[in-house]
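Okay, here's what each chain looks like letter by letter:
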Amino acid sequence: GAVVSQHPSWVICKSGTSVKIECRSLDFQATTMFWYRQFPKQSLMLMATSNEGSKATYEQGVEKDKFLINHASLTLSTLTVTSAHPEDSSFYICSANIIWSTDTQYFGPGTRLTVL
Amino acid sequence: QKEVEQNSGPLSVPEGAIASLNCTYSDRGSQSFFWYRQYSGKSPELIMSIYSNGDKEDGRFTAQLNKASQYVSLLIRDSQPSDSATYLCAVNMRYSSASKIIFGSGTRLSIRP
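Quantities reported herein were computed from a predicted structural model and do not represent experimental measurements. (Residues numbered from 1 in each chain as written. Chains lettered and ligands numbered in written order. Predicted model: local features only at pLDDT ≥ 70, side-chain atom pairs only at ≥ 80, totals over all residues. Heavy atoms only, no water.)

To continue, consider the interface of chain A and chain B. With 18 residues of chain A at the contact, the number on the chain B side is 17 residues. Summed over both partners, the interface of chain A with chain B buries about 1300 Å², with 52% contributed by carbon and sulfur atoms. Between chain A and chain B we count one salt bridge in total. With its nearest N and O atoms 2.5 Å apart, the salt bridge here joins Glu59 of chain A to Lys100 of chain B. (Contact = heavy atoms within 4.5 Å. Buried area = accessible area lost by both parts, 1.4 Å probe. Salt bridge = Lys/Arg side-chain N within 4 Å of Asp/Glu carboxyl O.)

Right, let's talk about the sheet that holds strand S3 (residues 19–25) of chain B for a bit. Adjacent strands of a sheet pair through backbone hydrogen bonds, lying either parallel or antiparallel. Residue and element names in this part refer to chain B. The sheet built from five strands is open, its strands ordered S1-S3-S8-S7-S6 with antiparallel pairing. This sheet does not close on itself; its edge strands, each paired only once, are strand S1 (4–6) and strand S6 (54–58). In this sheet, adjacent strand axes meet at a mean angle of 20 degrees when their direction is disregarded. Alignment of S6 against strand S7 (residues 61–66), held across five bridges, turns out to be antiparallel. Among the inter-strand pairings, Asp58 is bridged to a residue of S7, identified as Phe61. (Pairing = 2+ DSSP bridges. Helix = DSSP H or I, 4+ residues; strand = E, 2+ residues; numbered from the N terminus. Axes fitted to C-alpha atoms, helices over the stretch in contact; angles between N-to-C directions.)

Attention now moves to the state of the cysteines. On inspection of all chains with the given rule, the structure shows two disulfides over all chains. In this model, Cys23 of chain A is linked to Cys94 of chain A through a disulfide, with the two sulfur atoms separated by 2.0 Å. Across the S-S bond linking Cys23 of chain A and Cys94 of chain A, the dihedral sits near 80 degrees, which makes this disulfide right-handed. One end of the pair, Cys23 of chain A, is in strand S3 (residues 19–25); the other, Cys94 of chain A, is in strand S9 (residues 90–96), with 71 residues separating them in the sequence. In this structure, Cys23 of chain A and Cys94 of chain A share a single accessibility class: buried. Cys23 of chain B shares a disulfide with Cys89 of chain B; S-S distance 2.1 Å. Classification of the bridge connecting Cys23 of chain B and Cys89 of chain B rests on its S-S torsion, roughly -70 degrees, and on that basis the disulfide is left-handed. Linking Cys23 of chain B in strand S3 with Cys89 of chain B in strand S9 (residues 85–94), this pair joins segments that are 66 residues apart in sequence. We note that Cys13 of chain A lacks a disulfide partner, and the nearest cysteine sulfur, in Cys94 of chain A, lies 18 Å from it. Accessibility expressed as a relative area gives 9% for Cys13 of chain A, which makes it buried. (Disulfide = S-S within 2.5 Å. Buried < 20%, exposed > 50% of the residue type's maximum accessible area, 1.4 Å probe, protein only.)

Rendered as structure tokens:
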């Protein structure tokens, strides 16, 4: 149980294009999903908290107009990196809490983004 | 002061020995604590959660929590080469608007055959 999927698992794009990453909870409902970014040899950095049916809460220093988050249902959240640049190349990971349950976070497998 | 602190390592332990990983946190009111394992290039995988003072055992893993000392640890018995990974300590911390999970920077563990 508590499986979270992400799609795509990796993506290569040209500078200036937009990339959408999907995060799905497969066997549970999640009121809250989280988006993290991880650069090589560094720890997870929380980017934003995504709540179903409401606007995402962004961490300080994360541009909400560049990283668009939509949480349309209890099982799906999307992160769109708009006008991507090489410095956006990173490992993007989502996680989710089980609805009305503990604060344990279950992570998706991650999406590796490379911007040329 | 970092909110969740871990020694970055690498911590090298011989196969079969006990690996001991430590973590301290700053919020005395924290109630939820987690250990995640992350292999290189992969996402974190939950190993254990602990909420009460004392020890919690699951197979070869034992989490230890001491809220008075703001300290949480993970012991891995009979270490295997497959245990070589980065171990992330995570703590649920309270902020003015909500609580959120804060991750430490991780300890890199290497099990030598």
